[in-house]
Amino acid sequence: MVSLLGSDVSLPEEEQLQQNGYELFQMMVADLPITYHERGNYLEAHFRPLLDAAMEMIMALPDISADASGKHYAQAYIAVQNLIGAQKAAMSMYCRT
């Protein structure tokens, strides 16, 4: 991202963005069902909108010259890193006994 946006843009580290996504997903999801099948469906129902939103952002990215500030690219990058953290949280929550 730094090579795309330039060194004057300051973004949080990937690990921090992923941790933010992990924690946010855990706050969004409560009262997990007991059975793995129901739990998987429940987590999928909460994760899918995040995935869809990130994909929409990526698919809507303008070409680089049209987004000289890099704002759209930075937003998509942050959304994807948060999504990675949310996916890790979902898998952790799925595997809980």
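Refer to the structure printed above.
This report concerns the structure included in the present document. (Residues numbered from 1 in each chain as written. Predicted model: local features only at pLDDT ≥ 70, side-chain atom pairs only at ≥ 80, totals over all residues. Heavy atoms only, no water.)

### Concerning the overall build of the protein chain
Moving on, step 1. Helices and strands together make up the secondary structure of the protein chain, namely four helices and zero strands.
Moving on, step 2. The proportion of buried residues among the 97 residues of the protein chain is 26%.
Moving on, step 3. Counted over contacts in the protein chain with a minimum sequence separation of 6, partners at least 24 positions apart contribute 68%.
Moving on, step 4. Only carbon and sulfur atoms are counted for the fraction: they give 59% of the accessible area of the protein chain, which is about 6400 Å². (Helix = DSSP H or I, 4+ residues; strand = E, 2+ residues; numbered from the N terminus. Buried < 20%, exposed > 50% of the residue type's maximum accessible area, 1.4 Å probe, protein only. Contact = heavy atoms within 4.5 Å. Areas by Shrake-Rupley, 256 points an atom, 1.4 Å probe, with all protein chains shown as cover.)

### A short note on the side chain of Gln-81
Moving on, step 1. One can find Gln-81 in helix H4 (residues 71-95).
Moving on, step 2. When residues no more than four places from it in sequence are discounted, the contact partners of Gln-81 are Glu-14, Leu-17 and Gln-18.

### Here we look at the packing of aromatic side chains
The description of two aromatic rings rests on the distance between their centres and on the angle between their planes.
Moving on, step 1. If you walk through the whole model with that rule in mind, you get two aromatic pairs.
Moving on, step 2. A ring pair is formed by Phe-25 and Phe-47, whose centres lie 6.3 Å apart and whose planes are at 75°; its orientation type is edge-to-face. With Phe-25 in helix H2 (residues 14-28) and Phe-47 in helix H3 (residues 36-59), the pair connects residues that are 22 residues apart, well separated along the chain. With respect to burial, Phe-25 and Phe-47 carry one shared label: buried.
Moving on, step 3. Here Tyr-36 and Tyr-94 contribute two aromatic rings whose centre-to-centre distance is 5.3 Å and whose plane-to-plane angle is 55°, an arrangement assigned as tilted. With Tyr-36 in helix H3 and Tyr-94 in helix H4, this residue pair connects regions lying 58 residues apart in the sequence.
Moving on, step 4. In this structure Tyr-94 comes out as partly exposed when scored by relative accessible area, which is 29%.
Moving on, step 5. Lying across the ring of Tyr-36, Arg-39 places its NZ or CZ 4.9 Å from the centre. (Phe/Tyr/Trp six-rings, centres within 6.5 Å; stacked < 30°, edge-to-face > 60°. Lys NZ or Arg CZ within 6 Å of the ring centre and 35° of its normal.)

Purely geometric stuff here, so don't read any function into it on its own.
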